[in-house]
Each structure stands twice: as C-alpha cells, then as structure tokens.
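# Understanding the architecture of this molecule
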Amino acid sequence: MNRIRESSRLDDYLEHTEEVDYRHHTIQEKITELHGRSPDDIAYVKAAFEFVRDGISHSWDIRSSRITRTASEVLLHREGICYAKSNLLCALLRGRGIPAGFCYQRLTLGDTPDTGYAVHALNACYIRSVGKWIRLDARGNKDGVDAQFSLNEERLAFPIRHHYGEKDYPLLYKAPHPKTMDVLLHHTDCKQMYLHGLPTEL
C-alpha cells in the first residue's frame, strides 16, 4: 500500500511536540548513545528501532497498570503500549534529524473478531540515503510476533487479515492521532484501558 502523507513538508515530520519531546535531556542522552555506535543513518534507525522494540516493555505483556504517554515518560519507566512506544521511537528518530511519523492499523483485540477491535500504532520514517519511507513496528516481539528492521520488505508485528475486518490505514500522520493520546490521558489503569478503553477505529 502506498502511504499518503498528511503533509508534503518533511520538516513537519521533524517537529518537537509534547508527546514527541526529543529535546528532553534523557532522550538526548539516549540519542547520543545510539548514535555513538551507529556508523550511518541506516544503522542508527535500526538501533533506535531495536532499542524501543526490545528495551521498552509493552505494558500489556508485563501486565502493568502504569500508563506512559510522552517519549520521555516511556524512556524513564521503560514501558508503554504501542501508542506510547511509537512516541519514543519517533522522538529518537526526529532528534537525529530523521523525519518520522505515525501509521495505524485496525486489528482484532484478540485472535478473532468476536474479541473486538483496537487501533494499533506504528511508525514510518524517511531515510534520505535510500530516498524512501519505511514502516517500523516497535510494539515488542513475543510468540507469534516477529517485527524486524528491513529496507526492502516490511516485517511488521501484525499482518492484516482483511477477512476479519482488519485494515491498514493509508495516512502517514505527522503527529500522534488525538484518539490514541486521549485514551492515554483519560485513563489511570493500563490493564483496564487496554481491555476496554482503546479506540476501535480512526
């Protein structure tokens, strides 16, 4: 599927925002650390992606009640759901001058449609040296989930099952979708939010 960019300006995908707070000193320190072992931008994107994927726990996987939202909160507590983890990955990329945005999928909450649906967040970034946007899903791997960095073939966490009513939203957003941020702002228990409070569509 071709991505439809919300904005034609690459600079709009470099903005510092409340959620993508890459100027925070802890984010800057992590950027410096990751950059120090990355010989080029491709290596840096891969390192940032793998850090968020593997180094930040998905809150549901660890059955945590804590809710994180901003990139710096996610980094501090080392956990978050996909909405929060995508904020951190976006911040780590934008803080290195790599344009990055947000993509979304509508997935079944469990394995089948009778479990209901939820919106899932992931990222896309523009790698100048290869002149292309790629999508990255740093949700966190587990049994049945194997997201990988790839320049040529998408290796996302979840394949879309159209026969189950799942969908891949084509728009590449420059900021987190308000529905995803509102749910993080207006809940106090992550486990309850994850089961009963996530938006079902955009």
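Along each chain, the written sequence defines residue order, and numbers are assigned to residues from 1. For a predicted model such as this one, the threshold for reporting local features is a pLDDT of at least 70, and the threshold for listing and counting side-chain atom pairs is 80 or more; totals across whole chains, interfaces and linings nevertheless cover every residue. Where side-chain values are given, they derive from all heavy atoms of the structure, hydrogens and water being excluded.

### Examining the pattern of salt bridges
In what follows, salt bridge is the name for a side-chain nitrogen of Lys or Arg lying within 4 Å of a carboxyl oxygen of Asp or Glu. Applying the stated criterion to the full structure yields 16 salt bridges. In this structure, Asp-54 and Arg-53 form a salt bridge, with 2.7 Å as the shortest nitrogen-oxygen distance. If you follow the salt bridges from partner to partner, you end up with Arg-3, Arg-135, Glu-154 and Asp-168 in one network.

### Quick word on the packing of aromatic side chains
Think of a pair of aromatic rings as described by two things: how far the centres are apart, and how the planes are tilted against each other in angle. Two aromatic rings, drawn from Phe, Tyr or Trp (for Trp, its six-membered ring), form a pair once their centres lie within 6.5 Å of each other, and the interplanar angle then sorts them: stacked below 30 degrees, edge-to-face above 60, tilted otherwise. With the rule as written, the count across this model stands at four aromatic pairs. Seen from their ring centres, Tyr-13 and Trp-133 are 5.3 Å apart, and the 70 degrees between their planes marks the pair as edge-to-face. Highlighted residues: Tyr-13 in the loop between β1 (4-5) and α1 (25-36) and Trp-133 in strand β6 (residues 132-136), separated in sequence by 120 residues. Working definition: with a 1.4 Å probe on protein chains only, accessible area under 20% of the residue-type maximum means buried, over 50% means exposed, and in between means partly exposed. You can call Tyr-13 buried: its relative accessible area is 0%. Look at Tyr-104 and Tyr-173: their rings are 5.5 Å apart centre to centre, the planes differ by 75 degrees, and that puts the pair in the edge-to-face class. Linking Tyr-104 in strand β4 (residues 100-108) with Tyr-173 in the loop between β8 (171-172) and α5 (178-185), this pair joins segments that are 69 residues apart in sequence. Strands here are runs of E lasting at least two residues and helices are runs of H or I lasting at least four, both read from the DSSP assignment and numbered beginning at the N terminus.

### Quick word on the side chain of Glu-79
Looking at where Glu-79 falls in the secondary structure, it is placed in strand β3 (residues 79-80). Here, two residues are considered to be in contact whenever any of their heavy atoms come within 4.5 Å of each other. In contact with Glu-79, other than residues within four places in its own chain, are Ile-56, Ser-57, Ser-59, Ile-62, Ser-64, Arg-66, Thr-68 and Val-74.

Read these as geometric descriptors, not functional statements.
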